[in-house]
Structures are given as C-alpha cells and as structure tokens.
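Below, each chain spelled out in residue letters.
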Number of protein chains: 2
Amino acid sequence: MIKIIVDAMGGDNAPQEIVKGAAMALNQDKDLQVVLTGDEGKIKESLAGLSYDAARLQVVHCTEVITNDDAPTLAIRQKKDSSLVVALKMLKEDESAGGFVSAGSTGAVLTGALLRVGRIRGISRPAVCPALPTAKGGKVLIIDAGANAECKPVNLCHFALMGTAYARTMGVKDPRVGLVTNGTEEHKGDPLHQESYHLLKDLAGIRFVGNVEGRDIMSGDIDVAVCDGFSGNIALKTAEGTALAVMSVIKQNIKSSLAAKIGYALFMRGAFKKIKKVLDYSKYGGAVLLGIEKPVVKAHGSSKAESVCAAVLQAKEAAGSGLVGEIREMLAGVDLEIAANA
Amino acid sequence: MIKIIVDAMGGDNAPQEIVKGAAMALNQDKDLQVVLTGDEGKIKESLAGLSYDAARLQVVHCTEVITNDDAPTLAIRQKKDSSLVVALKMLKEDESAGGFVSAGSTGAVLTGALLRVGRIRGISRPAVCPALPTAKGGKVLIIDAGANAECKPVNLCHFALMGTAYARTMGVKDPRVGLVTNGTEEHKGDPLHQESYHLLKDLAGIRFVGNVEGRDIMSGDIDVAVCDGFSGNIALKTAEGTALAVMSVIKQNIKSSLAAKIGYALFMRGAFKKIKKVLDYSKYGGAVLLGIEKPVVKAHGSSKAESVCAAVLQAKEAAGSGLVGEIREMLAGVDLEIAANA
C-alpha cells in the first residue's frame, strides 16, 4: 500500500475535478491510499455520488488556499493552514506518505517543496521534469522545464543525473541523454552550454550522446533532454503549442472539404481518437519535481479528473520505484570536482 | 525588373536543385532576373533540359565552394573565388542587385553577409527571421532564430523593430510583438529578458503585447516573436520537430487501422496534401537575415527546387517591398538612449 497526498484545493477545477480524479485513481489501483487536504465540506460535496473504497481515502481539513495571485514564498510562510502547506508538512513528517500531487500554482508548489520537504543532499537546484511523446511511440523527459530560469553548469549535470535516474525507474535501461542547444557541434551555445557540454562528456553514470537541437527532442533518438530552465520551458511550451496548431490546421482542412468530412465520419474517427490520446499531454500525468526528498508531481493547472488520476498514479509509481533512492545512488558515484564547481 | 543573385553551389542538393529552383522562379515571375554563381560547367549541365527565359538568367563562373566543414570567417576571407563570396561581392557592388539567396552553411552566409555586404547603420547584431504557420492560418515571424547565441537587451529591441518592419512589408498593418519567455508575467525570465521587457514596453514604433510563452508563438495571437538567438533557435527547431512527430503519429495510426486506411485513400488524400503544404516549412521559403544592407535569404540546407524557388521569390519580394528602407526608417524614430545602452 502506498499513500499519496493530494492538494484538493489547487488548480482551476478544484476541488471537484481533483477529488474525482483521486477517486478514479483509487478505483484503478487497489494498492493506493489517498489523503486529500482542503476544505472538508467542499471535498465531501465533491465526493457525494462517487463510488470508491472509502477505507483508502482520508480527508484532512484545512481552511486556507494558495492561489496563483499569491507570492509563493510569502504564501508558503504565512498560509500555514493552506491545503498545500498542510499536505507538504504531512509529506515530510509522515513516514508512510510516499508522494504528493498538486495542480496549484507552480511557483508555490516548487517553493513549498523546497522549504517544507527539502532537497536531496547534493542537489542545489531541483528541476521540473515532464514527459513528452516521441515520433517513435516512446517518451522523452525534458529537464529542467522551468524551475530555474538561470542555471550553472553543475545544475545541468544534476539534471542529467536525475533525468537518467527517473528514466531508469520508468524502464529505460540505458537512457540516452542529450544537451539541448542551438546546434549539434560541441562548441555550440552560450558559455553555460559550452561548459556544460564538457562536464557532461565526462560525467560518470550517464550515457551522454552530445548536443542535440530542438527538433531532436521528440524524434525518439534521446530519452532525456537536458535544458536550462529558461529554454527548456520554451521548448516544452512550443511543443505543446505546435501540436495544438497542427491539430487545428488538420481540423480546419477536414472541415473545409466534404469528401474529407465523410471520410472522417465513416472511417477515421477511431484513429483520430488514438492520435489525440498520444498527443494529449494531460494523459501523461504531471511533471515530476526531481531533487526533492520525496516525489512531488505538479499537474497542469487546467487538469480535469483524468489528468489528476494520471498524476496520482504517476506519484505512486515514482514512490514505489525508489526514484529518490536511485537519484541518491547516482549522486554518490559522481566526481566531487563537479560538486565543487557549484 | 529585380535582380536576385543565387549561390548555385550551397546546400545538400547543389547545384541541380538550386539551378532548377531558380529556373522555376524565373517561370513564375516575369519581373525577375537571376544571377547564378558557381561552377559554370556544372550549372550548365543542371540547366540542360530545363525551359526558362535565358535572357533573364546569367551565370557567373567561380572555382571554389564553401562547405559546412569550413570555418566561416576563415572561409569568407580565404575562398575569394567561392560561389558565396563572389555572390556577396556582387550584391554589395552591383547597384541593380536586389537580394541574395543561399542554401549553404548558415555560419558562412551570416559571416559573409556581415563582412562583405555590411550591417544597416545602427544595427549591431543582424538576426535570422523565418516565418512559421499559425493555428489561425496566418504567419508568425521568429526573430532571432539563431544568429546570436548571446544577446543584450538592445539587440532584442532591434529584433522587435526589424521584425515589425518585415511584417509590415508582408502586409500586416500593425504587427503584434511578443517577447518569448518562460511565463507571461512581466518579472519572468533571466535578467536579459527582464530588462528587455522594460525597454520593449517603452519602445517607439512597435506594438508590444508583453511576454508570451512558447505555446503562444504559433497561436495566431502575435505576428512577431522576439527571442534571443539561443532560445529562438530551440523554439524554431522544436516547432519543426513537433510538427514532424505529430504527422508521424498520425501516419502510424492511420496505417495501423484498416478503416482509417480506406478512409484516407478514398476521401482524405486531398485534405492531407493541403495540410502538409501548410505545415511544410520548405514552402515558406527561407529565413531572411535582417539587419544587412540588402535582403539575404538563407534557405534550408536540404532545400529542393520548390523551396529554392520560394526563397528566390521571397528575396525578390523583400527587395521590391523596400524592407531595408523600412528598417532604416524605424531605427530613425528610436530613442537614442536605447542605442547608447548597446
């Protein structure tokens, strides 16, 4: 049995869709236990009419909510009875708590995880690590996708190690790690990426395949795309935006042709449903925050029940697979010189 | 009549496809004159069998070729009889030459344009500016898409001015300019982007809509996406890679279902051809190098005749629309304070 704590009040569709998603996850996994933090009255309202195993669900009442309008650091310090802070405190103190999920403010989740749960020893900068689908049908991890707008070379080394550890726990035996820059030659990029290239080339424990370009991220040729948090965020969101734009162009063209409309209605609806499923990032759960003492999953702010369910199962998998232990082990094998360069 | 010079030896498919593309462009536009620089024997071989108006085509023989393996600056200085250097010299010295196209090494084209043609007065860093399709059926310009891996805030202001000028000559009346960062709030990004935000907010002559995210680039809500050359290159190539990955996922799903295969063959081939055309960046010609005294268009290295043709017509349009004059005029209206911050 693995216990996952869920911030029931974070996200655009909280608490209804969060609560519904948690109940879905309980139905899909009999080894899962869920703790919901938030307004007990509202949570119970959202639970009414849902069928789930009540013995595996616990509600912890709290009175405050942190929103996107709150300044993260201040909110974490002051809103001590918020669903986020109460959840993170429990994650830290309750040994049986395996992981945490929130669809709330990214800044607050990140800051809260740092201040209330703490970093893995040796990791100076935790990083956001979502998965994207690839052209070959697999997945690719992007790390860092936005936690750190400014990075040092040692941070990118840690991202490579943590991404490798995470890909391994997801079943990739010897993950291929690429450094995302503006060209494949080793001298490409700004000083940060040039220096990172040389550190990554010699870094123990990872399979570094060199510099890659934006177009290689989703090609299926790499498993871990290492980025500084600024350009990684742009890459992630450009990928999301492009997928939406392409689907929109396809829709417009199908709609504007009678033949295509008929073909779609008669023959292709099923295929397109599958396509949408592959491309819909909400099906991929959330982005794991790597470098924190316990798995923290940040779901999209706009998450509906299905995405919340995926994120809860993802947190459970991360907890059960020993992700944090794997990261610690990889760090232990690293040359101290690199740590000293921090 | 507008004269465009074409580097017949640059690119993976040179000279055959370059020559073929130039001939196609001559057939499509009766006001176009083309000068091909390169190995006369090989060019004439490639011309054999093509039908075109020979009176509007001139071949200038030269003996050397600059490849991707050459170090750009050294090659531009030493290979004086290369197709690229001969073409750029002619672009600079021949008053009747309106623009230039090459599918050769990006570094060499950029360096050559800087050293042999020269910058527009006031622009310290010319920038690469390709167009991408948007979800709403229009186009969006990305500037800088890779010429400058390291930028200062003043460079991003110049990119905004040049992108606005280019969008105007393409028929967009009051182009909306967004600064691509890792979030829409004004404090987002690293110091470069934070400072750029404040300069852009007060910059005369542009319509600044604020910070945008990667997902907004192709949404159709902006006309000019201002980026530093490092993250701009990653955004551009991630968009290309994502479009390819999405199309590949669609193909796989259509192939794996008999119903979808039938539907595709009977009804949807036409719609998909149109979709491919919208998404195929080769149809968008090349990326214009903005900030150079005359229009320089860099076509993809893998360009075939059709893309070369589009790039030649694009160079002619840029020359005929007074793009360089428009940029000069915009610079004249700018606060000198900004120039001083360079």
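Draft legend 1. Up close: the overall build of chain A. A tally of helices and strands in chain A yields 12 helices and 12 strands. Relative to the compact-globule value of 20 Å for 342 residues, chain A shows a C-alpha radius of gyration of 21 Å, a close match. A principal-axis box enclosing the C-alpha atoms of chain A has dimensions of 60 × 60 × 35 Å. Taking all 342 residues of chain A together, the buried fraction comes to 58%. Long-range contacts, defined as pairs at least 24 residues apart, comprise 73% of the intrachain contacts of chain A with a sequence gap of at least 6. As presented, chain A carries roughly 13,800 Å² of accessible surface, and 49% of it is formed by carbon and sulfur atoms. On chain A, the mean spot of the 40 positive side-chain charges and the mean spot of the 38 negative ones are 6 Å from each other.

Draft legend 2. The arrangement of the interface of chain A and chain B in detail. With 54 residues of chain A at the contact, the number on the chain B side is 53 residues. Buried surface at the junction of chain A and chain B, summed over both partners, amounts to about 4,500 Å²; 73% is from carbon and sulfur atoms. The three residues of chain A that bury the most area against chain B are R215(A), F230(A) and F267(A), which together make up 15% of that side's buried surface. Where chain A meets chain B, there are 10 residue pairs in polar contact (both at pLDDT 80 or more). Those elements that place two or more of their residues in the side of chain A that touches chain B are α7 (191-201), α8 (229-255) and α9 (258-279) of chain A. Broken down by element, the side of chain A that touches chain B gets its largest block of residues, 21 residues, from α8(A). Here the side of chain A that touches chain B is built from residues that sort into 29 nonpolar, 17 polar and eight charged.

Draft legend 3. Seen up close, the relation of the copies chain A and chain B. Expressed as a screw transformation, the operator carrying chain A onto chain B has a rotation angle of 180° and an axial translation of 0.0 Å, and the superposed copies differ by an RMSD of 0.0 Å. On this basis, the relationship between the two copies can be described by a two-fold rotation axis. When the interface residues of chain A are mapped onto chain B, 98% of them again lie at the interface, so the same face is used by both copies.

Draft legend 4. Seen up close, the confidence of the model for chain A. On average, residues of chain A carry a pLDDT of 92, and 96% of them reach 70 or more. Overall fold confidence for the complex sits at a pTM of 0.91, while the interface term, ipTM, reaches 0.89.

Draft legend 5. The arrangement of the side chain of T134(B) in detail. Relative to the helices and strands, T134(B) resides in the loop between β6 (131-133) and β7 (139-143). Residue contacts for T134(B): discarding those within four places in its chain leaves V249(A), K139(B), V140(B), M218(B), S219(B) and G220(B).

Draft legend 6. Broad picture of the pattern of salt bridges. Residues and elements named next belong to chain A. Tallied over the entire structure, the rule returns 28 salt bridges over all chains. The closest approach of N and O atoms between D94 and K3, which form a salt bridge, is 2.6 Å. Of the two residues, D94 sits in the loop between α4 (83-93) and β4 (97-102) while K3 sits in strand β1 (residues 2-7), which places them 91 residues apart along the sequence. Judged by its relative accessible area of 22%, D94 is partly exposed. When its relative accessible area of 11% is taken as the criterion, K3 is described as buried.

Draft legend 7. Structural view of unusual backbone geometry. Residue D144(A) follows I143(A) across a cis peptide bond; omega there is 5°. Among the secondary structure elements, D144(A) is positioned in the loop between β7 (139-143) and α6 (153-169).

Draft legend 8. Representation of the sheet that holds strand β3 (residues 57-61) of chain B within the structure. Residues and elements named next belong to chain B. Pairing within the open sheet is mixed, and its seven strands lie in the order β3-β2-β1-β4-β12-β11-β5. A single partner strand is all that each edge strand has here, and the edge strands are β3 and β5 (127-129). Mean inter-strand twist for the sheet, computed between neighbouring axes without regard to direction, equals 25°. Alignment of strand β11 (residues 287-290) against strand β12 (residues 296-298), held across three bridges, turns out to be antiparallel. Each bridged residue has a counterpart across the sheet, and for L289 the counterpart in β12 is V296. Across the sheet, helix α1 (residues 16-28) touches β1 (2-7), β2 (32-38) and β3, and the angle it forms with β2 is around 170°.

Draft legend 9. Geometry of helix α5 (residues 106-117) of chain A. Residues and elements named next belong to chain A. With 12 residues, α5 should cover 16 Å at 1.5 Å per step; its first-to-last C-alpha distance of 16 Å lies within 8% of that length. Every buried residue of α5 is listed here: A108, V109, L110, T111, G112, A113 and V117. Against α3 (72-78), α4, β4, β11 (287-290) and β12 (296-298) lie the buried residues of α5. A positive backbone phi angle near 100° is found at G118, which sits one or two residues after α5.

Draft legend 10. Structural context of the side chain of K316(A). Residue and element names in this part refer to chain A. Mapped onto the fold, K316 is located in helix α10 (residues 305-320). Judged by its relative accessible area of 14%, K316 is buried. Every residue in contact with K316, bar those within four places of it in the chain, is listed here: I2, I4, D29, D31 and L32.

Draft legend 11. A look at the packing of aromatic side chains. Residues and elements named next belong to chain A. According to the stated counting rule, one finds two aromatic pairs over all chains in the structure shown. Here the aromatic rings of Y197 and F208 are separated by 5.6 Å at their centres, their planes lie at 70°, and the arrangement is edge-to-face. Of this pair, Y197 sits in helix α7 while F208 sits in strand β9 (residues 207-212), placing them 11 residues apart in sequence. Here the two residues Y197 and F208 agree in accessibility, since each one is buried.

Parameters and conventions
Residues numbered from 1 in each chain as written. Chains lettered and ligands numbered in written order. Predicted model: local features only at pLDDT ≥ 70, side-chain atom pairs only at ≥ 80, totals over all residues. Heavy atoms only, no water. Helix = DSSP H or I, 4+ residues; strand = E, 2+ residues; numbered from the N terminus. Rg over C-alpha atoms; globule rule 2.2 N^0.38 Å. Buried < 20%, exposed > 50% of the residue type's maximum accessible area, 1.4 Å probe, protein only. Contact = heavy atoms within 4.5 Å. Areas by Shrake-Rupley, 256 points an atom, 1.4 Å probe, with all protein chains shown as cover. Lys, Arg positive; Asp, Glu negative; His and termini not counted. Charge placed at Lys NZ, Arg CZ, Asp CG, Glu CD. Buried area = accessible area lost by both parts, 1.4 Å probe. Polar contact = N/O pair within 3.5 Å; in protein donor to acceptor, adjacent residues only side chain to side chain. Nonpolar A, V, L, I, M, F, W, Y, C, P; charged D, E, K, R; others polar. Least-squares fit on C-alpha atoms with pLDDT ≥ 70 in both. pLDDT = per-residue confidence, 0-100. Salt bridge = Lys/Arg side-chain N within 4 Å of Asp/Glu carboxyl O. Pairing = 2+ DSSP bridges. Axes fitted to C-alpha atoms, helices over the stretch in contact; angles between N-to-C directions. Expected span 1.5 Å × (residues − 1). Phe/Tyr/Trp six-rings, centres within 6.5 Å; stacked < 30°, edge-to-face > 60°.

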